[in-house]
Amino acid sequence: MRRLAHSFCFVASLMTTCSASAEARPQLGRAPALAVESVALATPTARHRDVVRREQVFHGLPVLGRGVVTWGALEVHDVERALPHNVRPVLSRADAAMRARPFSRAPIDEDDARLVVHAGPRGGTLAYVIAPRRAHGLPTAPRIVVDAVTGRVLEARDQIKHASVLTYPENPTRTPSPALLPLPFATSGDRLTSADLMGRSCVDRGGTRTIAFAGATRAIRVCGLEQVALASGAGDFVEPPRPEPRLGREQADAFAEASAFFHAARVLELFRVLDGGTEVPALAERPLELVTSLRIAPGLLEGDLDAAGALDAELVSYAGAFFLPGAGASEGETFRALYGVTRGAVWFGQGTKVDFAYDGDVVAHEVTHALVDATLRVSGWRLTEEGITAEPEAIGEAIADYFAAALTNDPVVGEYAASESAAATAALRSIDGDEACPRSIVGEAHNDSRVLSGALWRTRRALDESSRGAFDAAVYRALGLSPGRRDLGFEELAAFLRVALRAELPSAEPLLEQELARGGILPRCSSIVTLAPDAPLRAPVGWFAAPGTDATAEVIAPGMMQLRTEIPPGAGKVTLAFAARRMSPPLFGREGTPFRPVVLASWDRPIRWSRDGANEVSSDASARVVPEGGASLFAELDVPAGARVAYLQIANEGEGDGAYDGLTVSFGAAEPRDVDAGAAPDASSSGESVSIGARGAGCTTSRGRGAVSFVALLVVAVMFVHRRWRLA
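Residues numbered from 1 in each chain as written. Predicted model: local features only at pLDDT ≥ 70, side-chain atom pairs only at ≥ 80, totals over all residues. Heavy atoms only, no water.

Quick look at the overall build of the protein
Of regular secondary structure, the protein possesses 12 helices and 38 strands. Out of the 728 residues belonging to the protein, those deemed buried represent 58%. Long-range pairs, those at least 24 residues apart, make up 74% of the contacts in the protein between residues at least 6 apart in sequence. (Helix = DSSP H or I, 4+ residues; strand = E, 2+ residues; numbered from the N terminus. Buried < 20%, exposed > 50% of the residue type's maximum accessible area, 1.4 Å probe, protein only. Contact = heavy atoms within 4.5 Å.)

Details of the packing of aromatic side chains
Here a ring pair, both rings aromatic, is described through the centre-centre distance and the interplanar angle of the planes. Per the stated rule, a full pass over the model turns up 11 aromatic pairs. Considering the side-chain rings of tyrosine 402 and phenylalanine 403, the 5.3 Å spacing of their centres and the 75 degrees angle between planes classify their relative orientation as edge-to-face. With a relative accessible area of 0%, phenylalanine 403 lands in the buried category. Both rings, one in tyrosine 402 and one in phenylalanine 471, keep their centres 6.4 Å apart while their planes meet at 75 degrees; by these two values the pair is edge-to-face. (Phe/Tyr/Trp six-rings, centres within 6.5 Å; stacked < 30°, edge-to-face > 60°.)

What to know about helix 5 (residues 360–374)
Between its terminal C-alpha atoms helix 5 stretches 21 Å, which fits the 21 Å expected from 15 residues at 1.5 Å a residue. The element helix 5 is extensively covered by neighbouring structure, given that 14 of its 15 residues are classed as buried. Near the N-terminus of helix 5, the side chain that reaches the backbone nitrogen of aspartate 361, with its oxygen 2.7 Å away, is that of aspartate 359. (Expected span 1.5 Å × (residues − 1). Polar contact = N/O pair within 3.5 Å; in protein donor to acceptor, adjacent residues only side chain to side chain.)

Focus on the nonpolar core
Ranked by size, the top nonpolar core spans 125 residues in total, and within it Phe348, Phe403, Phe471, Leu563, Tyr660 and Leu663 carry the most contacts. If one sorts the elements of this core by residue count, helix 2 (residues 254–274) sits on top with 13 residues. Dropping the residues within four chain positions of it, leucine 663 is found in contact with Leu531, Ala535, Pro536, Leu537, Phe544, Met561, Leu563, Leu576, Ala577, Phe578 and Ile650. Ala141, Leu225, Leu338 and Tyr339 belong to the second-largest nonpolar core, a separate cluster that totals 24 residues. (Core = buried A, V, L, I, M, F, W, Y, C linked by side-chain atoms within 4.5 Å.)

Brief notes about the state of the cysteines
Tallying each qualifying case throughout the model produces 2 disulfides. Bridging cysteine 202 to cysteine 223, the disulfide has an S-S length of 1.8 Å. In this structure, the disulfide formed by cysteine 202 and cysteine 223 twists by about -115 degrees around the S-S bond and is classed as left-handed. One end of the pair, cysteine 202, is in strand 12 (residues 197–203); the other, cysteine 223, is in the loop between strand 14 (216–221) and strand 15 (224–226), with 21 residues separating them in the sequence. Across this residue pair, the class does not change: cysteine 202 and cysteine 223 are buried. A sulfur-sulfur distance of 1.9 Å marks the disulfide that ties cysteine 437 to cysteine 525. Given an S-S torsion of about -95 degrees, the disulfide between cysteine 437 and cysteine 525 has left-handed geometry. With cysteine 437 in the loop between strand 24 (429–430) and helix 7 (445–462) and cysteine 525 in the loop between helix 10 (509–518) and strand 25 (528–530), this pair connects stretches of sequence that are 88 residues apart. Owing to a relative accessible area of 11%, cysteine 437 belongs among the buried residues under this scheme. Accessibility expressed as a relative area gives 15% for cysteine 525, which makes it buried. (Disulfide = S-S within 2.5 Å.)

Structural notes on the environment of arginine 122
Counting through the fold element by element, arginine 122 comes out in the loop between strand 7 (113–120) and strand 8 (123–130). By relative accessible area, which is 26% here, arginine 122 ends up partly exposed. Between the C-alpha atom of arginine 122 and that of serine 610, which follows or precedes it by 488 residues, the distance is 9.9 Å.

Here we look at the confidence of the model for the protein
This prediction gives the protein a mean pLDDT of 79; 77% of its residues lie at or above 70. Taken together, the stretch residues 1–7 has pLDDT below 50 and engages in 38 contacts with residues farther than four places along the chain or on a different chain. Here residues 613–626 is a poorly scored stretch, pLDDT under 50, and it has 62 contacts once near neighbours within four places are set aside; other chains count. (pLDDT = per-residue confidence, 0-100.)

So, the packing of helix 8 (residues 465–479) against helix 9 (residues 490–504)
Running from amino to carboxyl end, helix 8 crosses helix 9 at an angle of 135 degrees, the nearest separation of the two axes being 8 Å. Considered as vectors, helix 8 and helix 9 are oriented oblique to each other. When you trace helix 8 past helix 9, the crossing you get is right-handed. For the pair helix 8 and helix 9, the contacting residues are Ala470, Phe471, Ala473, Ala474, Val475, Arg477 and Ala478 in the first and Phe496, Leu497, Ala500, Leu501 and Glu504 in the second. In terms of residue class, the contact of helix 8 with helix 9 is built from 10 nonpolar, no polar and 2 charged. (Axes fitted to C-alpha atoms, helices over the stretch in contact; angles between N-to-C directions. Parallel < 35°, antiparallel > 145°, perpendicular 65-115°, else oblique. Left-handed = near helix turned anticlockwise from the far one by under 90°. Nonpolar A, V, L, I, M, F, W, Y, C, P; charged D, E, K, R; others polar.)

A short note on helix 9
For the α-helix, the turn length of 3.6 residues means that residues three or four positions removed from each other point alike. Its 15 residues give helix 9 an end-to-end C-alpha distance of 21 Å, which sits within 8% of 21 Å, the value for a rise of 1.5 Å per residue. With 12 of its 15 residues buried, helix 9 lies for the most part within the structure. Restricting attention to buried positions, one finds in helix 9 the residues Phe490, Glu491, Glu492, Leu493, Ala494, Ala495, Phe496, Leu497, Arg498, Val499, Ala500 and Leu501.

Quick notes on the pattern of salt bridges
For the coordinates displayed, the defined rule picks out 39 salt bridges. Its salt-bridge partner being glutamate 386, residue arginine 524 comes within 2.7 Å of it at the nearest N-O pair. With arginine 524 in the loop between helix 10 and strand 25 and glutamate 386 in the loop between strand 21 (382–383) and strand 22 (388–389), the pair connects residues that are 138 residues apart, well separated along the chain. By relative accessible area, arginine 524 is classed as partly exposed at 40%. Residue arginine 485 is joined to aspartate 487 by a salt bridge in which the shortest nitrogen-to-oxygen separation is 3.3 Å. (Salt bridge = Lys/Arg side-chain N within 4 Å of Asp/Glu carboxyl O.)

A closer look at the pairing of strand 6 (residues 74–80)
Along strand 6, 6 of the 7 residues are buried, which leaves the element largely enclosed by surrounding structure. Of the pairings in the sheet, the one linking strand 5 (residues 61–71) to strand 6 comprises 5 bridges and is antiparallel in character. Residue pairing in the sheet places tryptophan 71 in a bridge with leucine 74 of strand 6. (Pairing = 2+ DSSP bridges.)

What about the packing of helix 6 (residues 391–408) against helix 8?
Packing of helix 6 against helix 8 leaves a shortest axis separation of 12 Å and a crossing angle of 150 degrees. If you check the angle between helix 6 and helix 8, you find them roughly antiparallel. When you trace helix 6 past helix 8, the crossing you get is left-handed. Within the contact between the two elements, helix 6 uses Ile399, Tyr402, Phe403 and Ala406 and helix 8 uses Phe471, Asp472, Val475, Tyr476 and Leu479. Residue composition of the contact of helix 6 with helix 8, by class: 8 nonpolar, no polar and 1 charged.

Next comes the structure, spelled out in structure tokens:
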């Protein structure tokens, strides 16, 4: 029996929708109202327009990701009921900082630790949140959560939203001729500054900045951030584009600074219009900084501080773009401090062929990440009964792509930036596809986001042109309805979207429901894939992701999909063959133990992961694991008599992330074996629990009824072939 961990409900004047369980998620329907009088809430904080958020507090400590959102007569309650017995930590801040240090390249001090109530799948836990503040120079924002009683690391993840060469594109390819276009709002003086935005460029003047690292101070080569775009006598910014993106010392690109500012202003104006035209867009802090032509010291990403500090070193272009949260959230100060930035900022680098600030798609995408950071606040992995999913960050990527596409009324994102890739694809992404759960899911946020963005775009496309603005407004409005749950899932955002549509465009709700169902999001995004025997399964893009225990803070990291295969009559063995690889770089540069696949099997019903108690299986059986050569592996398992369906999943016991592809399930006859009358009973029929981990996520099964009265879960450790995996 699961204990009541938190409560989640919609409360409106004419309708109340509530759900309360350890895995409570928003549902639509009638249920008793949730009383929140006994729940302490912080002073109301205005979100945007008439939406107000009140954070839950417990004995003066914030309960992360829990609270109440009010919008007119509608209230969304997501409050934690299972709270700690007291708020007296066993660990000191210094102890918590020590336990967090292996997960961060940036130096960690005890002053970086803040006592909170961490609301997780098992309820509220007294914990320290550690966000390093001292400069180290990497474009990274580590956030580590440590249990204040046991010292266990509950969470370790990077808060940066990255736009790599293939992720966050630009569009000079679609509109190759520069045009003089008006800004949607005025700037201050002759520089690119307004109440909402400020543009600056990274200019290499040969400077350094001294930082503290590993008990010593080091001088690191940095560029200075300057406003180089200057208005002409007519008040316009008319600097021409550079023929190639690379910059040397003392060189600047004023066109890049102006381009980023224009496209950021354009998307903020869209958000202002969607919010009714009178309110400023939802941003955590203003002005949002836009830094173009980003360059970093050589060797910095590799940890070579000697090379990074050489005075004659030439700065290296950063081939990508990303949004980094501001100082108010105590996240990302390590990188901001190196460049003297104190607020949230979007950073744009340069590749060998493209400048990311030139492309409106990239700029709109990244500025939307700033909006998501101020509203949804999603990040990291989400644990479900079926396994693990990248849905929280996929939601952020989907919303960023959707508004970048809505701004131009074009679902193709990234034609220009795609030319940076050696693959020379026509574009980075199109959100006008037919991606669906589970067949399109690989565990990578940008790829998986197309399931949601595709459903949104197909709904928008089906509407007449006069209704599309109202639909965009509903999507924008839905973002503000989340109390701040970081591990938000697709179906939860779908609930917010449907509520917002009832207010903005009721006629579109059935269309959206239809597309969400078509995309497999409703009733939920299942991770179970049906696979015929001897039919290889390959990832639709790249490889299937296998996050490690560092990324998930679990003893064993669940897999991101289950294979469902019919067992042919007479089969006595099942074999799962696949190719495996190690991913690079490891989390925060920490080496850790490598990807260590574990094959889990369940008969006649899906594998179920429990979020409470220790890792346990109902029974265990032996299996033979054989390397096939190269990166190929296979696991062979005995099939119990009478079993008709096999469910297989690849989990990860290693600390590092991995990936796999080319999965093939095959069956064979059972090999005869001698049975010793005095031997112990076979584990597959004993029904005894077998521990596969002392703490963390649990993989459990329950007895069935009828001819097959049990579900045997086979746990098979799949080891690497005998070679050292190189970091790609």
